[in-house]
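What follows is the residue order along each chain.
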Amino acid sequence: MKPFSKETYIQRRAELKKRVGNGLLLFLGNGEVGMNYADNAYRFRQDSSFLYYFGGDYAGLAAVIDIENDKEIIFGNELTIDDIVWMGYQPTIKEKSEVVGIYETRPLGDLDSYVKQAQAKGQTIHFLPPYRGEHQVWLQELLGINPAEQAAKASVTMIKAIVDMRNHKTPEEIEHIEAAIDVSVDMHLAAYREVRPGKTEAQIAAAVEQTVMSQDCFRSFPTIATTKGQTLHQHAFMNTLQDGDIFLLDAGAEDPLHYAGDLSSSMPVSEKFTEQQAMIYNLHLKTFQAAVDTLAPGVPFKQAHLNAATVLCEGMKEIGLMKGDPKEAAYSGAYAIFFPCGLGHMMGLDVHDMENLGEQYVGYPEGVKKSTQFGFKSLRLARPLEPGFVFTVEPGIYFIPELIDKWQAEKQFTDFICYDKLDAWKGFTGLRNELDYLITEDGARVLGHKKKPMTIEEVYAAKG
Ligand SMILES: [Mn+2]
């Protein structure tokens, strides 16, 4: 797929300038980070806001949009002959900047004096909250702000403008997201094919990552490939798959422009689910459908979360693990014993889009604070949905022995939870599915051209 034209980047910066109105917007690109020594670096990943406004997918850059002086400058150092000997020839910073419509470039060392002059003239310096240590050091050098105070002094005006722009995906962004999702579906199909007793989690993860790398993409986050799905983000691969286990995969690709896909699947390690597993899997599909049926412009995502939780409580009541009014059980937060996370999150250039800018700005409307209650506090997205929003839907059902024991000891929600019956379920582990959705003018649609298995029949067919 083609990269975006320079007009895309020019328009994005023009829109940002208009929204912020004044001052100097400072963007720090990411650098190389050594794993154990400087030249043995982690895989390079550019900052997503930098990618969004300046393209520039390489280390050692910064950029400014100087609104008062009507300047857009990329700061970076040209390669030396030593760099070229070790890393090969690359186009110059000037050449790489012109493809995003930036015609002024300067050495990185000039950034300091540029920013200090702007400060001396009384210009407001807008910057984003840093998430890397070297940016904290850099901001301290440039602006004299202590790392501990940088997040609080970051520009709320700049954050809000960027969040609002990046939250609304354009058709050309959606093409890239769908390309990433298609590769993500292939990653999951590899797992459905490979999962069987005797294989290790590491072998399945390897098949999944072989699939993504062979399509010129990279994973959008560390793969979760586990038979201990009750642990929501289990990143270790330490188990051998056994007959009767549920295998859970949460994995996705990012495409060459770094747009993400994020999918989850749950499947039996044996040929078929046990009767008990099939019952919980089908209840999970009902919660999924309840969530999806809620998605529409103007409807808060929190409502989709609550509707899924209500269906979960209805099902748990039928099974005999809950009692009382299911809707009350959902709205009170009792559901969280089986579903302690949120229903989903925004997705774009980051798999949890713009989490570095603050979930409060990304996922919640002005004036609505995120709950601190267990369960609801993990809901990253709650706001009314708008056309162009792209997000995940990923309800799950988890039996977490430590959580069950803790709540039982504390006598939490005894009107709703049948603790005496839960003992027998502590070894169930957990399951979820996850798909990615776009809000349209009149509803919502699932993203991607390839279909990930969802129903039990589809799961068995994919296992082959
Ligand atoms: Mn997700």
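Note that the structure is a prediction, hence the values are computed from the model and not measured. (Residues numbered from 1 in each chain as written. Predicted model: local features only at pLDDT ≥ 70, side-chain atom pairs only at ≥ 80, totals over all residues.)

## Topic: the overall build of the chain
Which entries qualify depends on this criterion: Secondary structure elements follow DSSP: runs of H or I no shorter than four residues count as helices, runs of E no shorter than two count as strands, and numbering proceeds from the N terminus. In this setup the radius of gyration rests on C-alpha atoms only. A globule is expected at 2.2 Å times the number of residues raised to 0.38. Once C-beta atoms are placed from the backbone, each residue is buried if 20 or more other C-beta atoms lie within 10 Å of its own, exposed if 12 or fewer, and partly exposed for counts between those two. We call two residues in contact whenever the C-beta atoms placed from their backbones are within 7 Å.
A tally of helices and strands in the chain yields 17 helices and 17 strands. On C-alpha atoms alone, the chain measures out to a radius of gyration of 24 Å, which is about the 23 Å that the 2.2 N^0.38 rule sets for 464 residues. Among the 464 residues that make up the chain, the fraction classed as buried is 44%. For the chain, long-range pairs separated by at least 24 residues make up 72% of all intrachain contacts whose partners lie at least 6 apart in sequence.

## Regarding the sheet that holds strand 12 (residues 263-268)
The line we're drawing: Strands are treated as partners if at least two bridges between them are detected by DSSP. Each axis is a line fitted through C-alpha atoms, and for a helix only the stretch in contact is used; angles between axes span 0 to 180 degrees, taken between their N-to-C directions.
The three strands are arranged 9-10-12 in an open sheet whose pairing can be described as antiparallel. Edge positions in the open sheet fall to strand 9 (224-226) and strand 12, since each of these has one partner strand only. Taking each pair of neighbouring strands and ignoring which way they run, the sheet shows an average axis angle of 10°. Where strand 9 lies against strand 10 (residues 246-251), three bridges are found, and the strand directions are antiparallel. Across the sheet, residue T226 finds its bridge partner in strand 10, namely L248. Contacting strand 10 and strand 12, helix 9 (residues 171-194) crosses the sheet at an angle of about 15° to strand 12.

## Some remarks on the domain arrangement of the chain
Rule in force here: For each domain, the first and last residues come from an automatic or database assignment. Ten residue types, Ala, Val, Leu, Ile, Met, Phe, Trp, Tyr, Cys and Pro, are classed as nonpolar, four, Asp, Glu, Lys and Arg, as charged, and the remainder, Gly among them, as polar.
Domain boundaries in the chain define domain 1 (6-167) and domain 2 (171-463). Measuring from the centre of the C-alpha atoms in domain 1 to the corresponding centre in domain 2 gives 35 Å. At the junction of the two partners, domain 1 supplies 13 residues and domain 2 supplies 14 residues. For the side of domain 1 that touches domain 2, the secondary structure elements donating two or more residues are helix 2 (48-54) and helix 8 (156-167). Of the residues forming the side of domain 1 that touches domain 2, the biggest block, six residues, is contributed by helix 8. Of the residues belonging to the side of domain 1 that touches domain 2, the class tally is eight nonpolar, three polar and two charged.

## Side note on the nonpolar core
It is characteristic of soluble globular proteins that their nonpolar side chains tend to be buried jointly. Here is the rule: What we call a nonpolar core is a set of buried Ala, Val, Leu, Ile, Met, Phe, Trp, Tyr and Cys residues whose membership is set by joining through C-beta atoms within 7 Å.
The biggest cluster of nonpolar side chains holds 125 residues, and the ones touching the most others in it are V208, L312 and Y335. Here this core gets ten residues from one element, more than from any other, and that element is helix 9. Each of domain 1 (6-167) and domain 2 (171-463) gives at least three residues to this core. Setting aside residues up to four positions removed in sequence, L312 forms contacts with T287, Y335, F338, F339 and I397.

## Some thoughts on unusual backbone geometry
Here D70, not a glycine, exhibits a phi torsion of approximately 50°, which is positive. Mapped onto the elements, D70 comes out in the loop between strand 4 (61-66) and strand 5 (71-76). Positive phi is not limited to glycine here, since D216 has a value of about 60°. By the secondary structure assignment, D216 is in the loop between helix 10 (201-213) and strand 8 (218-219). Owing to 10 C-beta atoms within 10 Å, D216 belongs among the exposed residues under this scheme.

## Looking at the environment of G244
Counting through the fold element by element, G244 comes out in the loop between strand 9 and strand 10. In this structure G244 comes out as partly exposed when scored by C-beta crowding, with 13 C-beta atoms within 10 Å. For the pair G244 and P197, spaced 47 residues apart in sequence, the C-alpha separation works out to 8.7 Å.

## Let's talk about the pairing of strand 16 (residues 435-439)
The buried fraction of strand 16 amounts to four of the five residues, a majority that puts the element mostly inside the structure. Of the pairings in the sheet, the one linking strand 13 (residues 390-393) to strand 16 comprises four bridges and is antiparallel in character. What sits directly across from V390, in strand 16, is L438. The sheet contact formed by strand 16 and strand 17 (residues 444-446) spans three bridges and is antiparallel. Along strand 17, the bridge assignment pairs I439 with A444. In sequence, strand 16 turns back onto strand 17 through a hairpin of four residues.

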